[in-house]
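Examining the three-dimensional arrangement
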Protein chains: 2
Amino acid sequence: MKTIDVCLSPELMHLYHVRDRTIVVVDILRATSCMVTAFAHGVESITPVADLNTCRMMKSKGYIISGERDGKKVQGFDKGNSPYEYAGSDIRGKRIAFTTTNGTQAIEKSKDANKVIIGSFLNLSTVVKYLLFGENNVLIVCAGWKGKVNLEDTLFAGAVIDKLRNHIEPDCDAPLIAHDLYTRAKGDMVTYLSNSSHVKRLDKLDIHKDIEYCLTPDQFDVLPKLKNGVLTLS
Amino acid sequence: MKTIDVCLSPELMHLYHVRDRTIVVVDILRATSCMVTAFAHGVESITPVADLNTCRMMKSKGYIISGERDGKKVQGFDKGNSPYEYAGSDIRGKRIAFTTTNGTQAIEKSKDANKVIIGSFLNLSTVVKYLLFGENNVLIVCAGWKGKVNLEDTLFAGAVIDKLRNHIEPDCDAPLIAHDLYTRAKGDMVTYLSNSSHVKRLDKLDIHKDIEYCLTPDQFDVLPKLKNGVLTLS
């Protein structure tokens, strides 16, 4: 039986052998939720970029530049980190360069894996089907918050494990932790997360609507994949 | 209100400022359970040692040398990592040098904190009282398993948070995760942990008795404290 493990923070990535694995990168609030929304609305590609300056310079090459630091849109950038900014027709056929506090760093650390896909509640079932029919063992990489573990990414890992539990075996304790938390939370994830540090931080930025949106499963059937440092649907 | 946070793996210690904090180091299976048992049975001091050779050399200085790697006693050492080895009169008044896979490394990484104490279910209420009446913010450092997060240390963190929840505020998401898991597990921790990777690993070594013992709260009222690299009760 294939195995599934969960890396609860990018700071723990050095503990995992990734070359033969499929990695699911997740940053529920809000990078990977934005990315999935953008692909569902026809974006051609998203290039994850680790630093602000590199991202800024891509503007002159025709990219839409998107950026967030500490939950806030970066001054001078075209778009921030609210998924609603990626749900319009203005991005159809465009290329985006994207840099965020946690999500794009997690993608960077995952790039040596056999396959890298982007996960969120919005495309949960599509992620699960891909993992189920793939040959590789699985590692879910939670973006966390500045290296620390967070609830919402852990819950997503638990949701994936819940759906795959009869087909893929948990490897180590982190998947058990994630699955148990999801079992507690799944009835009402918005309420459950209302105490989390990240939701409290984001609530100050008045984006409760974003949070509800990002916790809604199965809105889209797109599956962004990383190839040569660029995310596309192909 | 004071705050409490949980470092789920020693590999995440660089994310925490520790100088003003009281750190509780926990390695339920089995280093800190052994240490608490040893102090309850009259040991004078325990010197945590990171590597096997340093520990071996302390034999000629009159130390009892104790060591475990991968859950097994080290050849040529006086004692291993079963708490029952530390419950006899032979250790009364003696000094122990102790090296383990995870626990002694977690202590080493905690040494810059304002105060460092040793926690286990065996001395749970004593730990809680000390934290309650102390002035510092608290960090619980889980030893984990070779850098990865484990269930049993996380459950201990959750138990501490549960008892302190009206007096000390959780800081970040890791305490919420630990507390929720403990709430699920507390009715029967032995059964709950029977699926964990560490318990499966230890079950192969036929130490189910040790596991039950290490999950039993409030057997002793001792509180080992680290000073100048040495654990004592003073």
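Let us look at the overall build of chain A. Within chain A, the regular secondary structure consists of 9 helices and 11 strands. The C-alpha atoms of chain A give 16 Å as radius of gyration, which agrees with the globular expectation for 234 residues (17 Å, within 12%). If one aligns the C-alpha atoms of chain A with their principal axes, the spans along those axes are about 50 × 35 × 30 Å. Out of the 234 residues belonging to chain A, those deemed buried represent 55%. Across chain A, contacts joining residues at least 24 apart in sequence account for 81% of those joining residues at least 6 apart.

Its rotation angle being 180°, the transformation that places chain B on chain A also includes 0.0 Å of axial translation and leaves an RMSD of 0.0 Å. Between the two chains, the operation in question is that of a two-fold axis. If distances are taken from each C-alpha of chain B to the rotation axis, the shortest is found for Leu181(B), at 3.5 Å. Interface overlap between copies is the fraction of interface residues in one copy that are interface residues in the other; for chain B against chain A it reaches 100%, indicating a shared surface.

Structural remark: α-helix, 3.6 residues per turn; residues separated by three or four positions point the same way. Residues and elements named next belong to chain A. Look at helix H5 (residues 151–164): 20 Å from first C-alpha to last across 14 residues, which is about the 20 Å you get at 1.5 Å a residue. A large share of H5 lies buried, amounting to 12 of its 14 residues. For H5, the complete set of buried residues consists of Leu151, Glu152, Asp153, Thr154, Leu155, Phe156, Ala157, Gly158, Ala159, Val160, Ile161 and Leu164.

Right, let's talk about helix H6 (residues 173–185) of chain B for a bit. Residues and elements named next belong to chain B. Under the 1.5 Å per step criterion, the end-to-end length of H6 is 19 Å for 13 residues, consistent within 8% with the ideal 18 Å. Burial analysis of H6 places 11 of its 13 residues in the buried class, the great majority of the element. Turning to H6, its buried residues number three or more, namely Asp173, Ala174, Pro175, Leu176, Ile177, Ala178, His179, Asp180, Leu181, Tyr182 and Ala185.

This next bit is on the environment of Tyr130(A). Residues and elements named next belong to chain A. Relative to the helices and strands, tyrosine 130 is located in helix H4 (residues 124–133). It is 8.5 Å that separates the C-alpha atoms of tyrosine 130 and leucine 223, two residues lying 93 residues apart in sequence. Each residue touching tyrosine 130, except ones within four places of it in the same chain, is listed here: Ile117 and Leu223.

Opposite the 23 residues of chain B that make contact, chain A presents 23 residues. For the side of chain B that touches chain A, the secondary structure elements donating two or more residues are helix H5 (151–164), H6 and helix H8 (197–204) of chain B. When residues of the side of chain B that touches chain A are assigned to their parent elements, the largest contribution, 7 residues, is made by H6(B). Its residues assigned to classes, the side of chain B that touches chain A shows 10 nonpolar, 8 polar and 5 charged.

All right, on to unusual backbone geometry then. A cis amide bond links Leu29(A) with the next residue in sequence, Arg30(A), at an omega value of 5°. With respect to the helices, strands and loops of the structure, Arg30(A) is situated in the loop between strand S2 (22–26) and helix H1 (31–40). Backbone geometry places Cys172(A), a non-glycine residue, at a positive phi of 85°. Along the polypeptide, Cys172(A) turns up in the loop between strand S9 (169–170) and helix H6 (173–185). By C-beta crowding, Cys172(A) is classed as buried, having 23 other C-beta atoms within 10 Å. Phi at Asp70(B) is positive, roughly 55°, even though this residue is not glycine. As for its position among the elements, Asp70(B) is in the loop between strand S4 (64–69) and strand S5 (72–73).

Glancing now at the packing of H6(A) against H6(B). Where H6(A) contacts H6(B), the two axes come as close as 10 Å, and the packing angle between them is 75°. In terms of orientation, H6(A) lies roughly perpendicular with respect to H6(B). Contacts from Ile177(A), Asp180(A), Leu181(A) and Arg184(A) in H6(A) reach Ile177(B), Asp180(B), Leu181(B) and Arg184(B) in H6(B). Class assignment of the residues belonging to the contact of H6(A) with H6(B) gives a composition of 4 nonpolar, no polar and 4 charged.

Attention now moves to the environment of Leu164(B). Residues and elements named next belong to chain B. Looking at the element boundaries, leucine 164 is found in helix H5. Put simply, leucine 164 and arginine 95 are 69 residues apart on the chain and 33 Å apart in space, counted from C-alpha to C-alpha. For leucine 164, the residues in contact, after removing those within four places along its chain, are Ile4, Val128, Leu131 and Leu132.

Residues and elements named next belong to chain A. Between H5 and H6, whose axes approach to 7 Å, the crossing angle comes to 95°. By the angle between their axes, H5 is roughly perpendicular relative to H6. Facing H5, whose interface residues are Thr154, Leu155, Ala157, Gly158, Ala159, Ile161 and Asp162, H6 presents Pro175, Ala178, His179, Leu181, Tyr182 and Ala185. Class assignment for the residues of the contact of H5 with H6 results in 9 nonpolar, 3 polar and 1 charged.

On to the pairing of strand S7 (residues 115–119) of chain B. All names here are of chain B. Of all 5 residues that make up S7, 4 are buried, and the element is covered over most of its length. Direction of pairing for strand S2 (residues 22–26) relative to S7: parallel, over a ladder of 5 bridges. Its bridge partner being in S7, valine 26 is matched across the sheet by glycine 119.

Moving on, we come to the environment of Trp145(B). Residues and elements named next belong to chain B. Tracing the sequence through the fold places tryptophan 145 in the loop between strand S8 (138–142) and H5. Since 24 C-beta atoms lie within 10 Å of it, tryptophan 145 is described here as buried. Distance from tryptophan 145 to histidine 198, taken between C-alpha atoms, is 7.7 Å for residues 53 residues apart in sequence. The contacts of tryptophan 145, once residues within four sequence positions are left out, are Asn102, Asn150 and His198.

Conventions adopted
- Residues numbered from 1 in each chain as written.
- Chains lettered and ligands numbered in written order.
- Predicted model: local features only at pLDDT ≥ 70, side-chain atom pairs only at ≥ 80, totals over all residues.
- Helix = DSSP H or I, 4+ residues; strand = E, 2+ residues; numbered from the N terminus.
- Rg over C-alpha atoms; globule rule 2.2 N^0.38 Å.
- Buried ≥ 20, exposed ≤ 12 C-beta atoms within 10 Å, placed from the backbone.
- Contact = placed C-beta atoms within 7 Å.
- Least-squares fit on C-alpha atoms with pLDDT ≥ 70 in both.
- Expected span 1.5 Å × (residues − 1).
- Nonpolar A, V, L, I, M, F, W, Y, C, P; charged D, E, K, R; others polar.
- Axes fitted to C-alpha atoms, helices over the stretch in contact; angles between N-to-C directions.
- Parallel < 35°, antiparallel > 145°, perpendicular 65-115°, else oblique.
- Pairing = 2+ DSSP bridges.

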